[in-house]
Each structure stands twice: as structure tokens, then as C-alpha cells.
Amino acid sequence: MRGQFTGWPEQAMDVLWQLQGEPTHATRERYRADRERLVRQPMIALLNEVADADPRYEDFSVWHYRTDSWWWQHQGAVIRLGRKIEIGLRFSLDGLRIQGAWWYPDPGQVDMFRKAVASEGSGPELSAILEDVRKKGYDISGDVMKRPPRGYPTDHAHAELLRHRSLIAARPLGCEQWLHTPEAADRVLSAAADLDALLMWLVRHVKRAA
């Protein structure tokens, strides 16, 4: 749908600026229609184009505003690739941000992750993937225990990864002029390619628990 997504209009930034701080209910209602048209609808068009480029990205949601001011100031969206495994996008005055995440795991998923990390094949594979993702400018984070879990030696080769109960790779894509052009879709697809090996590793090894 290259003809449908044209980027976020520059006026989108003006709308988000008016919603900074703690906007009153009256202010929110004054800008609701403009925010929908200039901020949220372009995100929907963007994700439709991304899904057209790669059918794996067809399962997406674009958030509404909710009641907290933060949700009015940040337009979020997710692309679901597996159970609790997704690409997240966020548009705000800071520009566009992307992350690949496995988080809020189902019962049993953490154990599956740890077994894969401890494996002689999949553990080194994940470590190499994360090193490559770091080199591309992504910050690696997650819910991390203070020490390796019980049942694993404290000097395990992948002790740091074993401490994770979630795994997130994120970076800002920027706030340059391309945000207001169709090039934004290409930037998202390029970043999704950066995250692909990590997310597919997670899809293979951290399946929904029985």
C-alpha cells in the first residue's frame, strides 16, 4: 500500500505538543479528532504497508488513547509474532522507536527460555544474535534476576542470559524529516530485519506453555 502511507504529517507534532504535561479533559477533547487523523491513522497505514511487505507482520494492533496522559502523548502499536513475542512501535515528539520483545511470559515460558539458553546449540546461537543486535545500536534489557536461577551453575557460560525472565532489544529510529515521508515504512522494515533473527529464535524456543 505504498500509495496509502505517506508519513506522519508535520502537524502531528503540533498536536502532540499541545498534549504535553497534564492536558485537561477539555484539551484532550479539543484535539481528539486531530490526534486520530494526524497521529493514530498514519500508524495504522504504516503497519498495513509493513504487513503488505511481509505477511508475518499481519497481526497488529494500534492502541487508542486510554485515560493516562502518557497514552495521548505516545502512539503505540504492536506486531505479534508469537505468544508474548512482538515488535513494538512508538511515535512521539521524540520520533519513532522500535523494540523486539518477549515479555509478560505465560507460566512455563521462562523455563523453556532457560532450557534453550543452557543448550549447547541454541544458547551460543542466542548469544551471537544478541551481540549482532547490540552492534546495530540496540539496547538489550528485560526483567533480570540478581543471580542465575536454581538448577544452573553460577559459572555457566550463559549465566547472564539465564537470569532473564524477559528479553527486549530496543532503539530509537530518529526524528528526522523522513518521518513525514513514505520512507518511514522502509525504516521500520529495515529495523524489523535487524530484529528478525532474535525474534525467530524466540518463536522457535519460547513457545506457548502447555
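Just above, that's the structure.
Just so it is clear, the model here is predicted, and its values are computed rather than measured. (Residues numbered from 1 in each chain as written. Predicted model: local features only at pLDDT ≥ 70, side-chain atom pairs only at ≥ 80, totals over all residues. Heavy atoms only, no water.)

Peer 1: How would you explain the overall build of the chain if you had to name every residue and give the values?
Peer 2: Scanning the chain for helices and strands turns up 7 helices and 6 strands. Helices and strands appear in the chain in the N-to-C order α-α-β-α-β-β-β-α-α-β-α-β-α. If you line up the chain on its principal axes, its C-alpha atoms span 60 × 35 × 35 Å. Within the chain, residue pairs in contact and separated by at least 24 positions form 65% of the contacts whose partners lie at least 6 positions apart. Of the roughly 10700 Å² of accessible surface on the chain, a fraction of 49% belongs to carbon and sulfur atoms. (Helix = DSSP H or I, 4+ residues; strand = E, 2+ residues; numbered from the N terminus. Contact = heavy atoms within 4.5 Å. Areas by Shrake-Rupley, 256 points an atom, 1.4 Å probe, with all protein chains shown as cover.)

Peer 1: Give me the lowdown on the packing of aromatic side chains, citing residues and values where you can.
Peer 2: Considering all chains together, one arrives at 7 aromatic pairs under this definition. Pairing Trp-70 with Trp-71 gives two aromatic rings, centres 5.1 Å apart and planes at 80°, and the pair type is edge-to-face. Looking at Trp-71, the relative accessible area reads 21%, which means it is partly exposed. Members of the aromatic cluster, connected to one another through ring pairs, are Phe-5, Trp-8 and Phe-91. It is Arg-66 that lies over the ring of Trp-63; its NZ or CZ is 5.7 Å from the centre. The side chain of Arg-66 reaches across the aromatic face of Trp-71, ending 4.1 Å from its centre. (Phe/Tyr/Trp six-rings, centres within 6.5 Å; stacked < 30°, edge-to-face > 60°. Buried < 20%, exposed > 50% of the residue type's maximum accessible area, 1.4 Å probe, protein only. Lys NZ or Arg CZ within 6 Å of the ring centre and 35° of its normal.)

Peer 1: Go over the environment of Val-133, please, and point to the residues and values.
Peer 2: Position of Val-133 among the secondary structure elements: in helix α5 (residues 122-135). Considered as a pair, Val-133 and Leu-198 are 65 residues apart in the sequence and their alpha carbons are 8.1 Å apart. Each residue touching Val-133, except ones within four places of it in the same chain, is listed here: Tyr-138, Ile-140, Ala-169 and Asp-194.

Peer 1: Kindly report on helix α2 (residues 25-53), identifying the contributing residues and their values.
Peer 2: If you check α2, its first and last C-alpha atoms are 39 Å apart, about what 29 residues at 1.5 Å a residue would give, namely 42 Å. A bend of about 50° at Arg-35 is the largest found in α2. (Expected span 1.5 Å × (residues − 1). Bend = angle between axes of the 7 residues up to and from the residue.)

Peer 1: Got a sec to walk through the pattern of salt bridges? Specific residues and values, please.
Peer 2: Throughout the structure, instances matching the rule amount to 14 salt bridges. Ionic pairing is found between Asp-111 and Arg-114, a salt bridge with its closest N-O pair at 4.0 Å. Residue Asp-111 and its partner Arg-114 are both found in helix α4 (residues 109-118); the two are separated by 3 residues, about one turn of the helix. For Asp-111, a relative accessible area of 45% corresponds to the partly exposed category. The partner of Arg-187 in a salt bridge is Glu-183, with the nearest N and O atoms 2.9 Å apart. Placement of both Arg-187 and Glu-183 in helix α7 (residues 183-205) is noted, with a separation of 4 residues, approximately one turn of the helix. For Arg-187, a relative accessible area of 34% corresponds to the partly exposed category. Assessed through its relative accessible area of 34%, Glu-183 is described here as partly exposed. Each of Asp-132, Lys-136, Arg-171 and Asp-194 takes part in one network of salt bridges that share partners. (Salt bridge = Lys/Arg side-chain N within 4 Å of Asp/Glu carboxyl O.)

Peer 1: Tell me about the sheet that holds strand β5 (residues 139-141), and please be specific about residues and values.
Peer 2: Spatially, β1-β2-β3-β4-β6-β5 is the arrangement adopted by the 6 strands of the open sheet, whose pairing is antiparallel. This sheet does not close on itself; its edge strands, each paired only once, are β1 (60-62) and β5. The sheet shows a mean angle of 20° between the axes of neighbouring strands, direction not considered. Of the pairings in the sheet, the one linking β5 to strand β6 (residues 167-174) comprises 3 bridges and is antiparallel in character. Directly across from Ser-141, in β6, lies its bridge partner Ile-168. Contacts between α7 and the sheet are confined to β2 (75-82), β3 (85-92), β4 (95-102) and β6, with β4 contributing the most and set at about 10° to the helix. (Pairing = 2+ DSSP bridges. Axes fitted to C-alpha atoms, helices over the stretch in contact; angles between N-to-C directions.)

Peer 1: Provide a residue-level description of the nonpolar core, including the pertinent values.
Peer 2: Counting 59 residues, the largest nonpolar core has Trp-8, Leu-46, Phe-91, Phe-113, Leu-126, Trp-201 and Leu-202 as the members making the most contacts within it. Every residue in contact with Leu-126, bar those within four places of it in the chain, is listed here: Phe-113, Val-117, Leu-161, Leu-167, Leu-198 and Trp-201. (Core = buried A, V, L, I, M, F, W, Y, C linked by side-chain atoms within 4.5 Å.)

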